[in-house]
Protein chains: 2
Amino acid sequence: MEMLVRRGFLWQSFEIYGGMAGFIDYGPLGNGVRRKLENLWREFFVINERAVEIDTPTIGIEEVFIASGHASSFTDVAIECEECGKIFRADHYIKEKLGIEAEETIESVKEVMETYDLRCECGGKFKHPENINLMFSTTIGPGKGKKGYLRPETAQGIFIDFKRLADYFREKLPFGVTQIGRAYRNEISPRQGVIRLREFNQAELEYFVDPRNKTHPQFERYKEQKIKLVDKFDNEHYITLSEAVEKGIIAHELLAYFIAKTREFLLKAGLKDEKLRFRQHKDDERAHYAVDCWDAEALTSYGWVEIVGIADRSDYDLSKHTQYSGEDLSIFIPFKEPIKVKKKKVVPKMDKIGPTFKEKAKKIVELLEKAEPNEKIELEVDGEKIVLTTEYFEIKEVEEEVHGERIIPHVIEPSFGLDRITYSVLEHAFDKDIVDGEERRVLRLKRWMSPVQVAVLPLLSKDEFVNVAKRISEMLKANGIFTEYDDSGSIGRRYRRYDEIGTPFCITIDHQTLEDNTVTIRDRDTTKQVRVKIDELVGILKELLNSEKDIFEFGEVFKE
Amino acid sequence: MEMLVRRGFLWQSFEIYGGMAGFIDYGPLGNGVRRKLENLWREFFVINERAVEIDTPTIGIEEVFIASGHASSFTDVAIECEECGKIFRADHYIKEKLGIEAEETIESVKEVMETYDLRCECGGKFKHPENINLMFSTTIGPGKGKKGYLRPETAQGIFIDFKRLADYFREKLPFGVTQIGRAYRNEISPRQGVIRLREFNQAELEYFVDPRNKTHPQFERYKEQKIKLVDKFDNEHYITLSEAVEKGIIAHELLAYFIAKTREFLLKAGLKDEKLRFRQHKDDERAHYAVDCWDAEALTSYGWVEIVGIADRSDYDLSKHTQYSGEDLSIFIPFKEPIKVKKKKVVPKMDKIGPTFKEKAKKIVELLEKAEPNEKIELEVDGEKIVLTTEYFEIKEVEEEVHGERIIPHVIEPSFGLDRITYSVLEHAFDKDIVDGEERRVLRLKRWMSPVQVAVLPLLSKDEFVNVAKRISEMLKANGIFTEYDDSGSIGRRYRRYDEIGTPFCITIDHQTLEDNTVTIRDRDTTKQVRVKIDELVGILKELLNSEKDIFEFGEVFKE
């Protein structure tokens, strides 16, 4: 962590004003890694799925979170000291002081407090435990305005746009909708660090499917892969994904597909396979909306940390928003073949209605045709109640062709915590080795994840070297490559500096450059160098940065 | 706007709950354009400057905005009706009802209200006008917690990190720091639409410079370019940038540089030159922190709209944060040559101090050496006040070598409103023409700005066409190209569909494809087609999408 702060990856927010727990600043290098992670995620979960990305506000109006259940259920149990007024998150405080895993319910916390006579750090007694809502609240508009919350997840913005989105996809399931952006959780007493943040970055995919068909056309690609699973009974498995589905460890193929794809993504981002596992939520651990959930966990210096949650949210959210907004958020699914259904139907007797009701007859006929079949039918016509008996209509059984049905799709949601993944990527990449008899600190980031992709270094800080180096640096930048130019300190010290921040390639301008327009490319991991023509540099670097190719494919070994 | 909603560019937020003014959703296509705009901005203002990007929280603690002046000065004058309780932004209401441009001060609004007996729409009288702060406020942590605000600009997050940033750049000016992200302004009564949002997206560059050297090494590139300027006296100019600087219309070269670079960026994003101008803020219009400011304005259906502000913020922010945080936010600037400075210095007389003050002597000597030269010097030693005269010290004139000085850098800030730019790009791209005798709606987005870059269309929805088309679609996606596959409707209708959303290229799989593995590429703007080999498709499309090359460079004209 010291290196991460010193070199400009992550900083404590509001540092000059004393800092504030639960917030973090991405310095230039940390931001570079996270932005690259976002783009990689887009490639996996937007471009290469039948999916789109949208972007909705971080502030939401109250109605949204009443419907979603967050206004009532997005809570932690808190305990407040009667004396000093400090407030703690109950389960964390109990764990820390008593070493007990308490359930997160008021009753359970109360019991523990009484049994152990739990006191505040100041010696004071605690008040009764309370549920505290974890959404940040604010007011929209002047004066009393309208109550709003900062979103606790990006997902709700997707659910409330469902009609527009279904329209975009011409009502054809399955389809995915993603969002990458900020979410907020007003933690009661977060520790410093990147793991428990009050403001964080999510990338969420909401994958809408026909509930009777939780499969994915590309599951084939993954089904024979073996994977580390910890099920909800804490049993460990190392089996293929198709076995896990067959044995019912993973509820269905679609969850298994996203577990596998998540793993592929995390490995591509640079996490180490041996420090990665998937763990199923226990029955009492799931969020209020989830029916099954698997976490991807990374092993870090904080222990096993949840970095992705892959949940089957069923039709929970769309049903709730249908109920609260009054809008129909179902989708029409056509049958393969239309089916014939026998149905009772009201058939108005025109010869009776006409003469009796005169100018109201037309409306009555319309209403009758829509009415539920019954011996007596009550209608409201222009504010007047009219009760009709079978004198005015018949009930006939008819056969109708039905072409499909309306259903509320289910949602499978892989939800990624980008801050935790960024941190895990950095931790897994951190390495030390011995180079020229000296210990070297090196960040072995995947080349496509490095914030500074290339460093351009004149061997000496003389004009003739500097000018060429600056020209090359400008050329690389004009080609969209994140490049740093650096002429301060010995060449060895500069190599070390860029090794430490994970820059995969250093370009050195040396005496030979001035003779034959060649430079050397130095590989961070092997510290080996090859000599290439300046003219070919951009093409070679682009190829190297997007692959794990060996530099020796592009030039002759250079010996110092 | 209707097209933008229908086709999935921009939607009203919280639509199913009745909507809320001042918020907007980016649908799949709008999001695509804005994300591409962000990446283009990064290329211009991060990669190709001596600049980095950071990312800091959207929630800020109160201290930050007290220091920055936003807590007191980020306000609008509001008027509230005594009867119905409605609150309006005074200048907007006066403009709308009376057609008068009122100054945004309480006095001026009061005067207008009294002169014209201004009433609420309901007929009620207004209360006294009031300054209302436009920041969203919230509470961090449980209970009373700590007061926080949603940031009104991303810039403050950069200023308070200045020490870390200066360190990153090894204290060498000039350097730039950017941030791309959300900012918030709790508007009193915004109209619907994308122009006045309560939650919006900014891209800001804070460019820190030596105040005595407001130049840029790359100004050469732009200085002979002619540009449309409207100065603060409403005079219009069409002159070169170097003339504008020489005549003092633009305050200095660095502002001129960023005006020119902003223009280059906006044109590259697709704005029309004839609908773009730069306007200087009048003296009473500037934000509380700015000493000079130029807006880029785009002509849209809303009139001339401010889309970028380029301000010289001087040392306002760094000085304020130095003052409020107590941290030194200056930077050490070495002189080219050390200079010799004559200086008066206090030299303690050891032989007098020692015997008199005994064990306190050491401390007194230390304090004296740091004291201002004076006949009488008052010191505080261990809480005791001691007054010394020249009996105990001498004042000598000495010559010292000074290697540099500490200064607080000035900041030039180009600040981009990404939502307004996205909207302007869409409006400027909207076009109609006649194709095959029929009117066609076409969005002439720059190729690198199009959200759906390529559409893959089987001529007929038969298996043999569909299978090839899907395979090509997967191939393009695997190469990171935003691709849509579409087989519904006649080929002509599908072309129109993609013309309307600005997709530059349609790939058609036809009978000949099945014979010789070629497809056609159709150009949106000319509707012309060329035939190319499937094997070469990825390379050709990548080249086309990143340039304005003619498709005829890549294949023979195809005649239907």
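Residues numbered from 1 in each chain as written. Chains lettered and ligands numbered in written order. Predicted model: local features only at pLDDT ≥ 70, side-chain atom pairs only at ≥ 80, totals over all residues. Heavy atoms only, no water.

A short note on the interface of chain A and chain B
Many authors give the size of an interface as the accessible area that is lost as the parts come together.
Okay, so step 1: Each partner contributes to the interface: chain A provides 82 residues, whereas chain B provides 81 residues.
Okay, so step 2: When the two sides are added together, the surface that chain A and chain B hide from each other amounts to roughly 7000 Å², 57% of it contributed by carbon and sulfur.
Okay, so step 3: Inspection of the region where chain A meets chain B yields 42 residue pairs in polar contact (both at pLDDT 80 or more).
Okay, so step 4: Among the residues forming the side of chain A that touches chain B, the class breakdown is 38 nonpolar, 20 polar and 24 charged. (Contact = heavy atoms within 4.5 Å. Buried area = accessible area lost by both parts, 1.4 Å probe. Polar contact = N/O pair within 3.5 Å; in protein donor to acceptor, adjacent residues only side chain to side chain. Nonpolar A, V, L, I, M, F, W, Y, C, P; charged D, E, K, R; others polar.)

A look at the domain arrangement of chain A
Residues and elements named next belong to chain A.
Okay, so step 1: As far as domains go, chain A holds domain 1 (2–74 + 134–316 + 412–417), domain 2 (75–133), domain 3 (335–405) and domain 4 (452–559).
Okay, so step 2: On the side of domain 2, 11 residues touch domain 1, which itself brings 13 residues to the contact.
Okay, so step 3: Together, Leu134, Ile188 and Arg191 form the three largest contributors to the area buried by domain 1 at its contact with domain 2, with a combined 50%.
Okay, so step 4: Linking domain 1 to domain 2 there are 2 salt bridges. (Domains from an automatic or database assignment. Salt bridge = Lys/Arg side-chain N within 4 Å of Asp/Glu carboxyl O.)

With respect to the state of the cysteines
Residues and elements named next belong to chain A.
Okay, so step 1: Under the defined criterion, the tally for this structure stands at 0 disulfides over all chains.
Okay, so step 2: Cys120 takes part in no disulfide bond, and the closest cysteine sulfur, belonging to Cys84, lies 3.7 Å away.
Okay, so step 3: By relative accessible area, which is 5% here, Cys120 ends up buried. (Disulfide = S-S within 2.5 Å. Buried < 20%, exposed > 50% of the residue type's maximum accessible area, 1.4 Å probe, protein only.)

Observations regarding the relation of the copies chain A and chain B
Okay, so step 1: Once chain A has been moved 0.2 Å along the axis and rotated by 179 degrees, it coincides with chain B to within an RMSD of 0.6 Å. Both chain copies can therefore be described as sitting about a two-fold axis. The C-alpha atom lying nearest the rotation axis in chain A is that of Thr138 of chain A; the distance is 2.6 Å.
Okay, so step 2: By residue overlap, the copies meet face to face through one surface: 99% of the interface positions of chain A are interface positions in chain B. (Least-squares fit on C-alpha atoms with pLDDT ≥ 70 in both.)

Examining the sheet that holds strand β5 (residues 75–80) of chain A
Residue and element names in this part refer to chain A.
Okay, so step 1: Read from one edge of the open sheet, 3 strands run β6-β5-β7, paired in antiparallel fashion. Each edge of the sheet is formed by a strand with only one pairing partner; in this case those strands are β6 (87–89) and β7 (130–133). With strand direction ignored, the average angle separating the axes of adjacent strands in the sheet is 50 degrees.
Okay, so step 2: Where β5 lies against β6, 3 bridges are found, and the strand directions are antiparallel. If you follow Ala78 over to β6, its bridge partner there is Arg89.
Okay, so step 3: Against the sheet, helix α6 (residues 106–116) contacts β5 and β7, and its axis sits at roughly 30 degrees relative to β5. (Pairing = 2+ DSSP bridges. Helix = DSSP H or I, 4+ residues; strand = E, 2+ residues; numbered from the N terminus. Axes fitted to C-alpha atoms, helices over the stretch in contact; angles between N-to-C directions.)

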